[in-house]
Amino acid sequence: MKTKHMESELLYIEEHLSCQNYMTAIETGFKFIEFTEDAEFGEDHTNKNYLLFFLKGNITISYNQFRDKSFQAGDMVLIPRSSLFKGVAPKDSKLLLMFFDIPENNCDKLLLQSLSNICENMEYLFEPIRIRYPLTPFLEVLIHCIRNGMNCLHLHTLMQQELFFLLRGFYEKKDIATLFYPIIGKSIDFKDFIMNNYTKVNNIEKLISLSNLGRSYFFARFNEVFGMTAKQWMLKQRNQLILKKLTEPGVCIKDVIEELGFESQGYFGRYCKQHFGCTPKQLIKRYQANNETN
């Protein structure tokens, strides 16, 4: 899909940049990427759902069991949360990504859940859906706004809602089911529950208790949705949180121990030795050394 670069520019740019809703980092919303050279991108464990719009160039995507799938301008596909995701883009390629948890609008949530019966009879092969009118002018306007610095929370929220509105109104249900297959139905509810509650508990048993699901079903569902065991995933999240806390400026190890619920300083030290190969103080020094090198 080709986008026109219009001559008009954003007025009152300084007022826009000083607004408290201006987004310096995109956690939920849209991101436009122009590749000036051959590049690789992706994540080992995506923390959002990514809707990818391919605008220019042939880009190769691998996600979980799907390897080296080639997509061209005019394609769109979805990478679900908690995926192993890697992309390879040639020079001059263009890509638009939408980061989201679940649709904001209840109508959109109900639509996706209502398509679960279509998905039950579908073989999912990670095939794209084509970008076509009226999505084409919608994306042109969105990209024009982003390129000109209109990068506020209001824009991203409104555009996400409009995107789902256009999909719901002008795409066949089978196409929508194909695009959102990885997150349709109970997957949305289960993922949303896990992401909203795992930080509130100290162990998996408490998480199972909160879910009101049987243990066997919970573990099977977890493996299906996240691609790893609940224990592996919880351990990974805990270790990432420890690293984040220990690398914050002015960190106090005692505060980290209390905040994360470790029984004692000795136990926390043994935990770090087991999972990171060094003591908490050594982790902090390693981070500080890396910062000084960079």
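Thresholds, definitions, all that
Residues numbered from 1 in each chain as written. Predicted model: local features only at pLDDT ≥ 70, side-chain atom pairs only at ≥ 80, totals over all residues. Heavy atoms only, no water. Helix = DSSP H or I, 4+ residues; strand = E, 2+ residues; numbered from the N terminus. Buried < 20%, exposed > 50% of the residue type's maximum accessible area, 1.4 Å probe, protein only. Contact = heavy atoms within 4.5 Å. Areas by Shrake-Rupley, 256 points an atom, 1.4 Å probe, with all protein chains shown as cover. Salt bridge = Lys/Arg side-chain N within 4 Å of Asp/Glu carboxyl O. Axes fitted to C-alpha atoms, helices over the stretch in contact; angles between N-to-C directions. Parallel < 35°, antiparallel > 145°, perpendicular 65-115°, else oblique. Left-handed = near helix turned anticlockwise from the far one by under 90°. Nonpolar A, V, L, I, M, F, W, Y, C, P; charged D, E, K, R; others polar. Pairing = 2+ DSSP bridges.

### Details of the overall build of the chain
Phase 1 of the analysis: Secondary structure summary: the chain contains 13 helices and 9 strands in total.
Phase 2 of the analysis: Looking at the chain residue by residue over its 294 residues, the buried ones come to 44%.
Phase 3 of the analysis: Counting only contacts in the chain whose residues sit at least 6 apart along the sequence, the fraction spanning at least 24 positions is 74%.
Phase 4 of the analysis: Counting only carbon and sulfur atoms, one obtains 49% of the accessible surface of the chain, whose full area is about 16,700 Å².

### Here we look at the pattern of salt bridges
Phase 1 of the analysis: The full count for this structure, using the stated rule, is 11 salt bridges.
Phase 2 of the analysis: The partner of lysine 86 in a salt bridge is glutamate 40, with the nearest N and O atoms 3.9 Å apart. Within this pair, whereas lysine 86 is found in strand β7 (residues 85-89), its partner glutamate 40 is found in strand β2 (residues 39-43), the two being separated by 46 residues in sequence.
Phase 3 of the analysis: Classification of glutamate 40 as exposed rests on a relative accessible area of 58%.
Phase 4 of the analysis: Measuring nitrogen to oxygen at the nearest pair gives 2.9 Å for the salt bridge that ties arginine 221 to glutamate 224. With arginine 221 and glutamate 224 both in helix α9 (residues 215-226) and 3 residues apart, the pair spans about one turn of that helix.
Phase 5 of the analysis: Overall, glutamate 224 belongs to the exposed group, its relative accessible area being 59%.
Phase 6 of the analysis: Bridged by salt links that share partners, the residues Lys48, Arg81 and Asp101 form one connected network.

### A short note on the packing of helix α10 (residues 230-246) against helix α11 (residues 253-260)
Phase 1 of the analysis: Where α10 meets α11, the axes come as close as 10 Å, and the angle between the chain directions of the two elements is 150 degrees. What the angle tells us is that α10 and α11 run roughly antiparallel. In this structure, α10 meets α11 at a crossing whose hand is right-handed. Of the residues in α11, those touching α10 at Arg238, Leu241, Ile242, Lys245 and Leu246 are Ile253, Val256, Glu259 and Leu260.
Phase 2 of the analysis: Residue composition of the contact of α10 with α11, by class: 6 nonpolar, no polar and 3 charged.

### A look at the sheet that holds strand β5 (residues 66-71)
Phase 1 of the analysis: What the 4 strands build is an open sheet, ordered β2-β7-β4-β5; its pairing is antiparallel. Two strands bound the open sheet, and with one partner strand each, they are β2 and β5. Within this sheet the neighbouring strands show an average axis-to-axis angle of 15 degrees, counted without direction.

### Some points on the sheet that holds strand β8 (residues 94-100)
Phase 1 of the analysis: Spatially, the 5 strands line up as an open sheet ordered β1-β8-β3-β6-β9, and their pairing is antiparallel. Of all strands in the sheet, those bounded by a partner on one side alone are β1 (29-34) and β9 (129-130).
Phase 2 of the analysis: Examined bridge by bridge, strand β3 (residues 49-56) and strand β6 (residues 75-79) share 4 bridges and lie antiparallel to one another. Within β6, the residue paired with leucine 51 across the bridge is leucine 78.
Phase 3 of the analysis: Across the sheet, helix α4 (residues 135-147) is in contact with β1, β3, β6 and β8; its angle to β1 comes to roughly 80 degrees.
Phase 4 of the analysis: Along the sheet, helix α6 (residues 173-180) contacts β3, β6, β8 and β9; its crossing angle with β6, the most-contacted strand, is approximately 50 degrees.

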